[in-house]
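Observations on the model geometry
Next come the chains, spelled out residue by residue.
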Amino acid sequence: MKNKKLSLSDVMKVKELGALLPLIILVIVASLVNPAFLNANNLFDILRTTSYTTILAVPLTMLMASGRMDMSIAATTALGGIIAAMAETSGLPLPVALLLGILVGAAVGACNAILVDYFQLPGFIATLAVSNIVEGISAVITNNNPIPGISGSFKAIAQTRLAGQVTITVLYALILAVIGYVIMKHMKIGRKILAVGGNTEAANLAGINVKRIHTGLFVLVGIFGAISGILYCSRFSSAQLTAGAGTSLTIMSSVIIGGTAMRGGSGTIVGSVLGCMLFAVITNALVVMGISTNWQNVVYGLILVIALLIDYFRQKSARRA
């Protein structure tokens, strides 16, 4: 029996490879240039950075796998933290303050769903418009100032360390990633999400409520956007307008390069986590290797282009199969 040769199309089917290969290469290069890259404290810092983006990437993976995108996630992150901080510093109990921040995130997600799925507006433009509105609201209610004075209990949400080293946000992200993996791989709702993203008309004919799926996912992204903002607020001991700034495209790039199709129909939580880790390593490696952080946006932009090209060739390969 002849051994089957490994073709490019076979390689492209390994969705996580787009994030895993450059991640391995970058780790090797960074550690050779500066062995301090492999210092335990530095690696823990990379894990912490990865945890914040993973908390956003997991729900966004589900949304994009269903054929939708959300450009308002960064703005929702800032507003969620601001609302929670303002509520707590005004005297409300911490649980109530956190709930208010999360509800605001859910409301932003619901607005996105209404515009995109009920009014049939283009997803990119509609969610970008919502992003601008949310950013404006955040600026108005804070007068462009940070919100300090949160309690020690609020700070402990993200500043607590496990075994004195790993921040608790790594545990949050790990739990969320496992739940997301189980949903997408082993649960009926995960199959419905992929079916909706793969072929909306066929999903409708199969009795799947497409609008309900999309609405639920938009709200889910909004909720975790707000949760991420609460974690940023806890980490920096104040709510800031810049929390999550510029993360929308970074998270989306992480998800795409990790193996989720931009047009929907496929998605991998493991790949998205690897994509988040790749971006965290890039940011860290630039510092460790003594390269100016001014190159950060250039590198991020190049990776976004590469992610889109990978998605293009992956989809082209899938159509040929």
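To be clear, the structure that these remarks concern was listed above.
Residues numbered from 1 in each chain as written. Predicted model: local features only at pLDDT ≥ 70, side-chain atom pairs only at ≥ 80, totals over all residues. Heavy atoms only, no water.

Here we come to the overall build of the chain. A count of helices and strands for the chain gives 14 helices and 2 strands. In terms of C-alpha radius of gyration, the chain reaches 20 Å, essentially the compact-globule figure of 20 Å for 321 residues. In terms of overall dimensions, the chain has C-alpha extents of about 75 × 55 × 35 Å along its principal axes. Per-residue burial over the chain gives 46% buried out of 321 residues. Intrachain contacts of the chain at a sequence separation of at least 6 include 78% that bridge at least 24 residues. (Helix = DSSP H or I, 4+ residues; strand = E, 2+ residues; numbered from the N terminus. Rg over C-alpha atoms; globule rule 2.2 N^0.38 Å. Buried < 20%, exposed > 50% of the residue type's maximum accessible area, 1.4 Å probe, protein only. Contact = heavy atoms within 4.5 Å.)

Running from N to C, helix α3 (residues 40-65) and helix α13 (residues 269-288) point in directions that differ by 140°, and their axes come no closer than 8 Å. Relative to α13, the element α3 lies oblique. For the pair α3 and α13, the sense of crossing is right-handed. Residues Asn42, Asp45, Ile46, Leu47, Thr49, Thr50, Thr53, Thr54, Ala57, Val58 and Thr61 of α3 touch α13, and the partners they reach there are Ile269, Ser272, Val273, Cys276, Met277, Ala280, Val281, Asn284 and Val288. Across the contact of α3 with α13, the residue classes break down as 11 nonpolar, 8 polar and 1 charged. (Axes fitted to C-alpha atoms, helices over the stretch in contact; angles between N-to-C directions. Parallel < 35°, antiparallel > 145°, perpendicular 65-115°, else oblique. Left-handed = near helix turned anticlockwise from the far one by under 90°. Nonpolar A, V, L, I, M, F, W, Y, C, P; charged D, E, K, R; others polar.)

Attention now moves to helix α6 (residues 123-142). With 20 residues, α6 should reach 28 Å at 1.5 Å per residue; the first-to-last C-alpha distance of 28 Å fits that figure. Within α6 the residues assigned to the buried category are Gly123, Ala126, Thr127, Val130, Ser131, Val134, Ser138 and Thr142. The buried residues of α6 occupy one face: seen down the axis, they fall within an arc of 140°. Along α6, the residues that are exposed and aim more than 90 degrees away from the buried face are Ile125, Ile133 and Val140. On its buried side, α6 packs onto α4 (73-89), α5 (94-118) and α11 (210-236). Phi turns positive, to about 55°, at Asn143, one or two residues after α6. (Expected span 1.5 Å × (residues − 1). Arc of directions from axis to C-beta.)

From the geometry alone we can't say anything about function, so treat these as descriptive.
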